[in-house]
Structures are given as C-alpha cells and as structure tokens.
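Okay, here's what each chain looks like letter by letter:
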Amino acid sequence: MPEENECLDKKDSCPAFSDELLRKIAEHPCYEQKAQHRYGRIHLAVAPKCNIQCNFCVREFDCVNESRPGVTSKVLTPEEALEKTREVLAEYPFIKVVGIAGPGDPLANDATFETFELIKKEFPQLTLCMSTNGLMLPEKLQDILRVGVSTLTVTVNAIDPEIQAKIVNHIVYHGKVYRGVEAAEIQIKNQLAGIKAAVDAGIVVKVNTVLVPGINDKHVVEIARKMNELGVYIMNVMPLINQGAFADIEPPTAEERKAVQEACEPYVLQMRHCRQCRADAYGLLSQDMSQMSEERRKLIKIRTKEDMEKAKPILEKNGKDHA
Ligand code: CLF
Ligand code: SF4
C-alpha cells in the first residue's frame, strides 16, 4: 500500500494544477495522506435537504455518502456557520479546509452557496471543499466555481444504471420523482458530465464509492477505470454501514475492501485514511473536536511553526502556554 500521495510526489505528471492548487492539495487532510496529522478541516452542517433517497440512508442522520451514518449534526444558518468558523479558526489555526458535506446534499441547499460566499469573503486563504451526490452538478457547477470551491467530492456508487437502481430508491429531479433504472440513468449521466466539467474547470475531484457487497463490489473497478478517463484525482472506497433498506446486508470486511482498493489503484489514487466524519466535524481527521469535551480540546496542540506564530497572541491572551 503506498504510504504517500503519489501525484504530489510526481508533480510533473499531475494534471496541470497551479502552484496554488498544489499547495491546497498538500494541505488537504483528505486529499493528501501526509497532511492528515498536520492540517485539519471544519465541516459546516448547513445543508439538511436531499434530492435523492439512497437505500442505505436513514434520513434523520447525516449523509452516508460522505459521513458516518447514525449521527445527526445540528443544522446551522450561514451566519451561524461563519461565526463557528471564526471561533474554531481562532483556536485551531491548523485548520485549512472548510467543507460542506451535509447532513443532506449540499447542492440541494441554497445555504451551501450563501455560506461559502461568507467564508470566502472573510477567509480567502482557506480551501473550500464540498461533497455531493452529483445529481445537480452540471447545473450548479457555475455556482460552485463562483463561490471558489476548489476540491469537490462526488459519490459514485455505480456507473451501470441496473446496479445503481438497486442502490438508490428514487430521485427528485426538476420537481419530478423518478425511480428504478430511469432514475439511475439520470443520476449517472449528470454525475459523469458534472465530473468531466468540474475537472475541465480546474477543480480537484475526489470520488467516494460506498462498497456494498453483492451489489456493486464486482463493479467498483469499472468505476475506477471510468474515473481515470475523466481525470479524477483520488478515490475513496468506503465500507457500507448497514442501515435503512440495506440493514440486512453484511458490510464488507477490511480484507474485501483492501482487495477492491488494490484493484482500483492502477486507475485512480486510493484514499485509505477516511474517517467517515460527521457533517459538523472539525479538527484533525483523527480528532473530531466537535465530539470532545472543552478540556480535551484545549489539549490539542498547535501543529506548525507558522500556525504557532499566528496563535501566539491568542494563547498569550488566554494565559496559556503552548510549549
Ligand atoms: Fe470534508 Fe470530505 Fe472535503 Fe474532506 S471529509 S467534504 S473531502 S474536507 Fe475526508 Fe471525512 Fe472521509 Fe470525507 S475523512 S468523510 S473523505
Ligand atoms: Fe442520504 Fe446522502 Fe443518499 Fe441523500 S445522498 S439519500 S443524504 S446518503
């Protein structure tokens, strides 16, 4: 298993990313494995609505396509999200990425764009990240570019409509409900066209694929091949967590997942350190501070020299010692 991000190590063979984008990848805890212990992300849970119904989703919980199922994040308004970002960044300057990943689908919520506008205005140096089921991607791409999102995750669980029809119960598209293969065809068409357009526009695209034994396990490598053609940067094969209509399906074992990742590796760089975070998580991937006590949060140390400089006045003001 490669320990390091091969694309960054072979900068010359990367797609034509600007130095600015390469910096953002290097500081992104999900896109660059080496960054996960050094840099953090904050998720802003501003997007409660969803426009599809996945069979493994129980609606009162966070979106399973990016997050951990079984937990519910408190929804914030864009203004509350900005205020939370201010507070969290003042204390944890090693956070470099602001992500919107639910609790529903970010593209089904206008609040997603309002929030990114507010964040971009006040924190232009931060990387804006988003995760979506891709249904509205072609139509919303201009908005995504306008607000300055540079890293985008699209969940692609199948590129064969017959298989996708077993994973998604229905979609709501332009006010109409579609089911079965017809729904799957619309979603896949939009996902693939949207990914291609996003890559062409210079966004660094990650694909999440939920591995569902007996449904898409034999098909995932085909997805990887297609993602290679489209110029996807990295792929995250996530284990099914069985709930909803898939409550009776046994999740994949670690070995099964590893075998799928190895089969996909020749086509797309594999992410192997995903923590299936909550839609309101913040901090390092391994230390979700939204779930920690105040005391424990205070123990989290400043990560970089540069960050230490920035944090000094705050620490001095609080009368704390960062050594
Ligand atoms: Fe968040 Fe996702 Fe952006 Fe990362 S999470 S929106 S790409 S900033 Fe990361 Fe968390 Fe795994 Fe997602 S570890 S669930 S892959
Ligand atoms: Fe649930 Fe996410 Fe699927 Fe929407 S996209 S139905 S929130 S798992």
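Asker: Would you take a moment to explain the site of ligand 1 for this structure?
Answerer: Around ligand 1, the surrounding shell holds 18 residues, and the nearest of these are Cys30, Gly99, Cys129, Cys274 and Cys277. Secondary structure elements with two or more residues in the shell around ligand 1: strand 1 (40-43), strand 3 (95-100) and strand 4 (127-132). For the shell around ligand 1, a count of residues per class yields seven nonpolar, seven polar and four charged.

Asker: Help me understand the packing of helix 8 (residues 220-230) against helix 9 (residues 254-264) in this model?
Answerer: Packing of helix 8 against helix 9 brings their axes to within 9 Å, and their N-to-C directions diverge by 30 degrees. Taken as axis vectors, helix 8 and helix 9 run roughly parallel relative to one another. With respect to the hand of their crossing, helix 8 and helix 9 are arranged in right-handed fashion. Contact with helix 8, carried on its side by Val220, Val221 and Ala224, involves Val260, Ala263 and Cys264 of helix 9 and no other residues of that element. Here the contact of helix 8 with helix 9 is built from residues that sort into six nonpolar, no polar and no charged.

Asker: Please explain the sheet that holds strand 6 (residues 168-173) as it appears in this structure.
Answerer: Paired through backbone hydrogen bonds, the strands of a sheet run either parallel or antiparallel to each other. Here three strands make up an open sheet; going across it, the order is 2-6-7 and the pairing antiparallel. Looking at strand neighbours, the two that pair on one side only are strand 2 (52-54) and strand 7 (176-179), the edges of this open sheet. Across the sheet, the axes of successive neighbouring strands diverge by a mean angle of 20 degrees, strand direction being ignored. Here strand 6 runs beside strand 7; their pairing, made up of four bridges, is antiparallel. Paired with His170 across the two strands is Arg179, which belongs to strand 7. Packed on one face of the sheet, helix 7 (residues 180-200) meets strand 2, strand 6 and strand 7 and runs near 60 degrees to strand 6.

Asker: Explain the site of ligand 2 to me, please; I cannot follow it from the model alone.
Answerer: Around ligand 2, the neighbouring residues are Cys50, Ile52, Gln53, Cys54, Cys57, Cys63, Val64, Asn65, Gly104, Asp105 and Asn133. Across the shell around ligand 2, the residue classes break down as six nonpolar, four polar and one charged.

Asker: What is the right way to read the nonpolar core from this model?
Answerer: Within soluble globular proteins, side chains that are nonpolar generally end up buried alongside one another. By size, the foremost hydrophobic cluster in this structure holds 89 residues, and its most contacted members are Val46, Val205, Val232 and Met235. Ranked by residue count, the leading element in this core is helix 7, at six residues. Once residues within four sequence positions are removed from consideration, Val205 is found in contact with Leu152, Val154, Ile195, Ala198, Val199, Val232 and Tyr233.

Asker: Mind showing me how you'd approach the sheet that holds strand 12 (residues 287-288) here?
Answerer: The nine strands lie next to each other as 10-9-8-5-4-3-1-11-12, forming an open sheet whose pairing is mixed. Either end of the sheet is taken by a strand with one partner, and the two such strands are strand 10 (269-270) and strand 12. Sheet analysis places strand 5 (residues 149-155) next to strand 8 (residues 204-211), joined by five bridges and oriented parallel. Counterpart to Thr155 in the pairing with strand 8 is Asn208. Here helix 7 sits on the sheet in contact with strand 5 and strand 8, set at roughly 160 degrees to strand 5. Sitting on the sheet, helix 8 is in contact with strand 8 and strand 9 (234-239), with an inclination near 170 degrees to strand 8.

Asker: Hey, could you run me through unusual backbone geometry in this one?
Answerer: The bulk of non-glycine residues show a negative phi, and the bulk of peptide bonds are trans. Between Gly102 and Pro103 the backbone carries a cis peptide bond, its omega angle lying at 15 degrees. Residue His174 is not a glycine yet carries a positive backbone phi of 50 degrees. One non-glycine residue, Gln276, adopts positive backbone phi at about 45 degrees. When you line up the elements, Gln276 lands in the loop between strand 10 and strand 11 (282-284). Using a count of 18 C-beta atoms within 10 Å as the deciding quantity, one classes Gln276 as partly exposed.

Asker: What is the right way to read helix 4 (residues 110-122) from this model?
Answerer: Each full turn of the α-helix corresponds to 3.6 residues, which orients residues three or four apart in the same direction. Given a rise of 1.5 Å per residue, 13 residues ought to cover 18 Å, and the 19 Å separating the end C-alpha atoms of helix 4 matches this to within 8%. Restricting attention to buried positions, one finds in helix 4 the residues Ala111, Thr112, Phe113, Thr115, Phe116 and Ile119. If you follow the buried residues of helix 4, they end up packed against helix 3 (78-91), strand 3, strand 4, helix 5 (137-147) and strand 5.

Asker: I tried to follow the environment of Lys84 on my own but got confused; where do I start?
Answerer: With respect to the helices and strands, Lys84 occurs in helix 3. As for Lys84 and Ile42, which are separated by 42 residues in sequence, their C-alpha atoms are 9.4 Å apart. When residues no more than four places from it in sequence are discounted, the contact partners of Lys84 are Leu44 and Leu76.

Asker: What am I meant to see in helix 5 here?
Answerer: Looking only at helix 5, the buried set comprises Leu137, Lys140, Leu141 and Ile144. For helix 5, the arc enclosing every buried residue in end-on projection is 140 degrees, short of the 170-degree limit, so these residues lie on one face. Opposite the buried face of helix 5, by more than 90 degrees, sit the exposed residues Glu139 and Gln142. Residues of helix 5 that are buried in the fold lie against strand 4, strand 5 and helix 7. Of the residues one or two after helix 5, Gly148 is the one with positive phi, at around 95 degrees.

Asker: I would appreciate a short explanation of the confidence of the model for the chain in the present structure.
Answerer: Where the model shows low pLDDT, its predicted coordinates should not be examined in detail. Averaged over every residue, the pLDDT of the chain is 87; the share at 70 or more is 83%. Of the regions scoring below 50 in pLDDT, residues 318-323 engages in six contacts with residues more than four places distant in sequence or in other chains.

Rules of the game
Residues numbered from 1 in each chain as written. Chains lettered and ligands numbered in written order. Predicted model: local features only at pLDDT ≥ 70, side-chain atom pairs only at ≥ 80, totals over all residues. Near = placed C-beta within 6 Å. Helix = DSSP H or I, 4+ residues; strand = E, 2+ residues; numbered from the N terminus. Nonpolar A, V, L, I, M, F, W, Y, C, P; charged D, E, K, R; others polar. Axes fitted to C-alpha atoms, helices over the stretch in contact; angles between N-to-C directions. Parallel < 35°, antiparallel > 145°, perpendicular 65-115°, else oblique. Left-handed = near helix turned anticlockwise from the far one by under 90°. Contact = placed C-beta atoms within 7 Å. Pairing = 2+ DSSP bridges. Core = buried A, V, L, I, M, F, W, Y, C linked by C-beta atoms within 7 Å. Buried ≥ 20, exposed ≤ 12 C-beta atoms within 10 Å, placed from the backbone. Expected span 1.5 Å × (residues − 1). Arc of directions from axis to C-beta. pLDDT = per-residue confidence, 0-100.

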